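If you want the building blocks of each chain, they are given just below.
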Amino acid sequence: MLALVVSLAVALWLRKTAPPEVARLLPESDAIVYANLKPLRAATHFDRTSISRSPEYQQFVDATGIVPERDLDEVAFALHRMDDPDGPNGPVAYSEVFEGRFDGARLARYLGGLASSQEAYAGHTIYTIPIDGRQLRIAQLGYDTVAASNMPTTEQIHAMLDRYRAAASPFSGSSLLATYYKDVPLLSSAWAIGRVGLPFSERGYISLFGLQLPLPEDTTFVASLRYGVGGVHLRVEQIASTEAEAAQSTQALTSLLHLVRAIEPKVAEQSEGPDAGAEDRFVSSIAIVQHKDRAVMTATVPLELLRKVTDASAAKP
């Protein structure tokens, strides 16, 4: 009896510390981004925000009954760097897994009406939908799980179906997960590992909001968001090749932070409303330190700032 209890406890612990299933289903890639939307929805109530939908988005909602901000619970994205950034697929392609509440029959009818072709694979139907010069392939894995990929070939969508069919163990998944998931802080609601700067690369460097960071586009990161006292705790680690490289990045990022802090008070003076001080508290909380071969940035994102960001995102058509 004791052995059974111990085995059950070990199994539960393994499940708790293993990567989420939606991430384990992803194919090999250059980066992975994961989010558990349930804590974010509870904290910000973004599902109750009135949003402006494009005609295509509204057609999707009407046809499938799926309201993503309400019905999605977990999402995982794999980022694939393309050899030809100027090709039809652009610099980065994506493979995705979504988990939530879906009406499978309505979704199948909707996808079937848009698909230029269909393929039967591993007991599932893959719908190929042409979008802006790319081929988006979508398959329903189960009653609550959908996979998609806009890579040029079927290799990635097939890989996700194969992983699902294999009923993978808690520690299966891509080589990226095997290498870096151990560095993701426990209980993180959202995280990213690998070359997550790829979509923001510009002239070989990472750019955010028009600001070029002193980091090359192929920099490897482990980033995470974890809910805690006072807001959401953000942690971003740059994994450098050497301690000297990490020291150089730490110094460059610290100099950039000083510049942002010098500019931020002028921006804060123009802010109005009850959330006016949230940006200032966020910037003030940022700290950058070096830990051996890693440059580590930590910060606390106030919940009111998080709500402001989600409301602004929801308002976009």
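Remember, predicted model here, so these are calculated numbers, not experimental data.

Draft legend 1. How the structure looks around the nonpolar core. Leu 37, Leu 111, Ile 138 and Phe 221 are the most contacted members of the largest nonpolar core, which totals 43 residues. Each residue touching Ile 138, except ones within four places of it in the same chain, is listed here: Leu 111, Thr 125, Ile 126, Tyr 127, Ile 129, Val 146, Ala 147 and Ala 148. Counting residues in each nonpolar core, the second largest holds 25 residues, with Tyr 34, Ala 139, Ala 147 and Ile 157 among its members.

Draft legend 2. Examining the packing of aromatic side chains more closely. Summed over the entire model, instances satisfying the criterion amount to four aromatic pairs. With a centroid separation of 5.9 Å and an interplanar angle of 85°, the aromatic rings of Phe 77 and Phe 98 are classed as edge-to-face. Taken together, the positions of Phe 77 in strand β2 (residues 72-81) and Phe 98 in strand β3 (residues 92-100) put the pair 21 residues apart, joining distant regions of the chain. A cation sits over an aromatic face here: Arg 53 above Tyr 57, 5.6 Å from the ring centre.

Draft legend 3. Up close: the sheet that holds strand β4 (residues 117-121). With antiparallel pairing, twelve strands are arranged side by side in an open sheet as β4-β5-β6-β7-β3-β2-β1-β8-β12-β13-β15-β14. This sheet does not close on itself; its edge strands, each paired only once, are β4 and β14 (287-291). Pairs of neighbouring strands in the sheet enclose a mean axial angle of 15°, with direction left out of account. Relative to strand β8 (residues 190-194), strand β1 (residues 31-36) runs antiparallel, the two being bridged by five bridges. By the bridge assignment for β8, Ala 31 is matched with Gly 194. Where helix α3 (residues 37-44) meets the sheet, its contacts fall on β1, β2 and β12 (220-228), and the angle it forms with β2 comes to roughly 120°.

Draft legend 4. Quick peek at the side chain of Glu 69. Mapped onto the fold, Glu 69 is located in helix α5 (residues 68-71). Under the relative-accessibility criterion, Glu 69 is labelled buried at 12%.

Parameters at a glance
Residues numbered from 1 in each chain as written. Predicted model: local features only at pLDDT ≥ 70, side-chain atom pairs only at ≥ 80, totals over all residues. Heavy atoms only, no water. Core = buried A, V, L, I, M, F, W, Y, C linked by side-chain atoms within 4.5 Å. Buried < 20%, exposed > 50% of the residue type's maximum accessible area, 1.4 Å probe, protein only. Contact = heavy atoms within 4.5 Å. Phe/Tyr/Trp six-rings, centres within 6.5 Å; stacked < 30°, edge-to-face > 60°. Helix = DSSP H or I, 4+ residues; strand = E, 2+ residues; numbered from the N terminus. Lys NZ or Arg CZ within 6 Å of the ring centre and 35° of its normal. Pairing = 2+ DSSP bridges. Axes fitted to C-alpha atoms, helices over the stretch in contact; angles between N-to-C directions.

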